[in-house]
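So the chains spell out like this:
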Amino acid sequence: MSKERIKISEALYDIMPSDYQDLVKSATYGKEDRGWKDIGNSKELIEQHSLCAGCPESMAFRYILASLPNPEDTVMVGSTGCTSLVFPMVAVHNIHSLFGNQNAIASGLKRALSVRFPGRTKDVVVLAGDGATVDIGLDMTLQAWFRQEKFTTICFDNELYANTGGQESGLMQKGFVAKMAPVGKLFDKVRLPEIARESGCHYVVNCTVSKPSLIEKVIRNAVHIAREIGPTYLQLYTPCILEIGKNSMEGLQEMRDSEKPTERFAYKEYVSEPAKQLLAELAAKDKEKKAAAKQLASQEA
């Protein structure tokens, strides 16, 4: 979705809805340095949503959309859950898959795009909850990694089935009692980041979404590595404040408490050797680019 595609005919400009006019004026499509700081100024970065007040998923969604390096040529594949309520509100191509088969859909989509648009970069990003990723869809998640499919998988881990009343998921903490898990979880949280690493993912991160600059970095890394090398996986803690008994303003603090060094969402990152080399090359190019821009600015001054 480039700005060329959403361009308004001059003859029709005055009668177009003001929301569409704002989208054309402020969209970040094609902007090389787009990032989380564009949130609040750009119409396509979830101006409104239908999630609960204070929901950390809405924060995560905004950071992710703002950090995509190539949004006009990105297709996101979602799954049934709270996330599916947000996709209609954003101006990024997306597919709503059946519950759990999002990685299978993404596999076929990525291959089809490479045939349909040879020589053009088309990124695919999967976004699903813990139920779709580690429970119902685990087989398709793993098989995509085994096959080295070149797309990013993002799991919004709220540690239960938030969209359907609070059932137990494989990523729920051991002993946690929820509305529809009254006896408490009987086994430990499934170590999906470790499984992702062992299944062939080249970049794996486990963290909360409390720091927008960090999420911007890991999203960019994950997409670039998936584009060039192979599968990447991000597990982001997006607690359901409604189901864990928190008030709407307590989501951020819940994440901060869970990311302390001894807690389950302390920042962890794995980068394969090929991915390390790619990131180093990208960093060097970025440094050269900034130096050239600085030199040009000094000459013009």
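This is a predicted model, so every value here is computed, not measured.

Student: What's the story with the pattern of salt bridges in this structure? I'm lost.
Tutor: Two side chains bearing opposite charge may form a pair once their charged atoms approach each other closely. As enumerated under the stated definition, the model contains 18 salt bridges in all. A salt bridge links Asp 157 to Lys 189, with the nearest nitrogen and oxygen atoms 2.7 Å apart. With Asp 157 in strand β4 (residues 152-157) and Lys 189 in the loop between β4 and α6 (192-198), this residue pair connects regions lying 32 residues apart in the sequence. Overlapping salt bridges, with partners in common, bring together Asp 157, Glu 159, Lys 189, Lys 246, Glu 254 and Arg 264 in one network.

Student: What is the right way to look at the nonpolar core in this model?
Tutor: The tendency in soluble globular proteins is for nonpolar side chains to be buried side by side. Within the largest apolar cluster, 38 residues are counted, with the highest numbers of intra-cluster contacts made by Ile 64, Leu 65, Met 76, Ile 154, Ile 215, Leu 234 and Leu 236. For this core, the secondary structure elements donating two or more residues are α2 (56-67), β3 (123-129), β4, β5 (203-208), α7 (212-228), β6 (232-237) and α9 (273-300). Beyond its immediate sequence surroundings of up to four residues, Leu 234 is in contact with Thr 153, Ile 154, Cys 155, Tyr 203, Val 205, Val 218, Ile 219 and Ala 222. Membership of the second largest hydrophobic core comes to 10 residues, among which are Cys 155, Leu 171, Leu 192 and Ala 196.

Student: Mind showing me how you'd approach the sheet that holds strand β1 (residues 74-78) here?
Tutor: Across a sheet, paired strands are connected by hydrogen bonds in the backbone, their directions being either parallel or antiparallel. In spatial order, the strands read β2-β1-β3-β4-β6-β5-β7; together these seven strands make up an open sheet with mixed pairing. Each edge of the sheet is formed by a strand with only one pairing partner; in this case those strands are β2 (93-96) and β7 (268-271). Strand-to-strand, the axes of this sheet are offset by a mean angle of 15 degrees, without reference to chain direction. Pairing between β5 and β6: six bridges, direction parallel. Bridge pairing in β6 places Asn 206 opposite Gln 235. Relative to β3, helix α3 (residues 102-116) is tilted by about 175 degrees, and along the sheet it contacts β1, β2, β3 and β4.

Thresholds applied
Residues numbered from 1 in each chain as written. Predicted model: local features only at pLDDT ≥ 70, side-chain atom pairs only at ≥ 80, totals over all residues. Heavy atoms only, no water. Salt bridge = Lys/Arg side-chain N within 4 Å of Asp/Glu carboxyl O. Helix = DSSP H or I, 4+ residues; strand = E, 2+ residues; numbered from the N terminus. Core = buried A, V, L, I, M, F, W, Y, C linked by side-chain atoms within 4.5 Å. Buried < 20%, exposed > 50% of the residue type's maximum accessible area, 1.4 Å probe, protein only. Contact = heavy atoms within 4.5 Å. Pairing = 2+ DSSP bridges. Axes fitted to C-alpha atoms, helices over the stretch in contact; angles between N-to-C directions.

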